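Structural overview for review
Read off the chains here:
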Amino acid sequence: QAADTEKKPLDYAAVFPSWNPDSASLHELVDFVASCTDPSGPDCLEPADRIAVFDMDGTILCEKAPIYIDWCLTMHRVLDDPSFSATEEERDAIQQTRDHAYSKGETFYPAGLSQDQLIASAFVGMTPEEFRAYVVDFADHTDAVGFEGMTYGQSFYKPMIEVIDYLRANDFDVWMVSACEREVVRALVERYGIPFDHVD
């Protein structure tokens, strides 16, 4: 009977196919989760107390394409989306931002219009549902700048998605934080089972 209740050894190749199976940090993670989920152990945590928080940018999502994804989204909307008519001031500000991003690999903040103003005006009139759908469409059909044959939606780090799946399978509550606009993050991470109220 005792043998029936024993946990089976973890199949690293199945659970973490993108990881080096000899990775020390991976084994530390697995040991930590095992100690948190062992009901007979001193470090056991109830599921309600198992909380994991990740920073999206640079940890879960590549942030080298070439700047934060909400800026990339706004550049696409203002400069590349034929269904949107931007003002000359908006186009000039976003073009300066794009030129600087592509040449320097960093965010440029144009004079006159703030990032919040540019994002708000670019997506004015959309409901939250329409905006999130736009974000998903952008992510899944727009090539990430600086990479060949990869969309923004494909620029999530597979090893980290495997970690999230592993934690959720062990009753961890996974949260996502980001400096990006909240609705953008919600739209991007919903596909990985992270609910809207777990994004901050």
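The coordinates are above.
My aim in this report is to walk through the structure given alongside it, one point at a time. (Residues numbered from 1 in each chain as written. Predicted model: local features only at pLDDT ≥ 70, side-chain atom pairs only at ≥ 80, totals over all residues. Heavy atoms only, no water.)

With that settled, the discussion passes to the overall build of the chain. Counting its secondary structure elements, the chain contains 9 helices and 2 strands. Ordered by position from the N terminus, the helices and strands of the chain form the series α-α-α-β-α-α-α-α-α-β-α. For the C-alpha atoms alone, the extent of the chain along its principal axes is close to 75 × 30 × 25 Å. Here the chain holds 200 residues, and 43% of them are scored as buried. When contacts within the chain are restricted to residue pairs at least 6 apart in sequence, long-range pairs at least 24 apart make up 63% of them. If you sum the accessible surface of the chain, you get close to 11300 Å²; carbon and sulfur atoms cover 51% of it. (Helix = DSSP H or I, 4+ residues; strand = E, 2+ residues; numbered from the N terminus. Buried < 20%, exposed > 50% of the residue type's maximum accessible area, 1.4 Å probe, protein only. Contact = heavy atoms within 4.5 Å. Areas by Shrake-Rupley, 256 points an atom, 1.4 Å probe, with all protein chains shown as cover.)

Residues of strand 1 (residues 51-55) alternate between two faces, with A52 and F54 buried on one and I51, V53 and D55 left unburied on the opposite face. As defined by bridge partners, strand 1 adjoins strand 2 (residues 173-177) across 5 bridges and the pair is classed as parallel. Counterpart to D55 in the pairing with strand 2 is V177. (Pairing = 2+ DSSP bridges.)

Turning to unusual backbone geometry, a few remarks are in order. One non-glycine residue, D171, lies in the positive phi region at around 65°. Along the chain, the position of D171 falls in the loop between helix 8 (158-169) and strand 2. Note on D171: relative accessible area 46%, which makes it partly exposed.

Attention shifts here to the packing of aromatic side chains. Tallied over the full model, the rule gives 8 aromatic pairs. Where Y12 meets F16, the ring centres are 6.2 Å apart and the plane angle is 40°; that geometry is what we call tilted. When the centroid spacing of 5.5 Å and the interplanar angle of 70° are considered together, the rings of F123 and Y134 count as edge-to-face. Note that F123 is positioned in the loop between helix 6 (115-122) and helix 7 (128-141) and Y134 in helix 7, a separation of 11 residues in sequence. In this structure, F123 and Y134 share a single accessibility class: buried. One aromatic cluster is present, formed by Y12, F16, W19 and Y166 through successive ring pairs. Over the ring of Y134 we find R77; its NZ or CZ atom is 5.1 Å from the centre of that ring. (Phe/Tyr/Trp six-rings, centres within 6.5 Å; stacked < 30°, edge-to-face > 60°. Lys NZ or Arg CZ within 6 Å of the ring centre and 35° of its normal.)

Moving on: empty space enclosed by the protein. Within this structure, the stated rule accounts for 1 cavity of 30 Å³ or more. For the largest cavity, the calculated volume is near 50 Å³. Forming the boundary of the largest cavity are 10 residues, of which L61, C62, E63, I67 and I69 lie nearest the centre. (1 Å grid on protein atoms, 1.4 Å probe; cavity = no way out; pocket = protein on both sides within 12 Å on 5 of 7 lines; lining within 4 Å. Points joined across faces, edges and corners; volume = space filled by probe spheres on them.)

One side chain can pair with another of opposite charge once the charged atoms of both are near each other. Using the criterion set out here, one finds 8 salt bridges in the structure. Across the pair E183 and R132 runs a salt bridge, and its minimum N-O distance is 2.6 Å. One end of the pair, E183, is in helix 9 (residues 182-189); the other, R132, is in helix 7, and 51 residues separate them in sequence. Here R182 makes a salt bridge to D200, at a shortest N to O gap of 3.1 Å. (Salt bridge = Lys/Arg side-chain N within 4 Å of Asp/Glu carboxyl O.)

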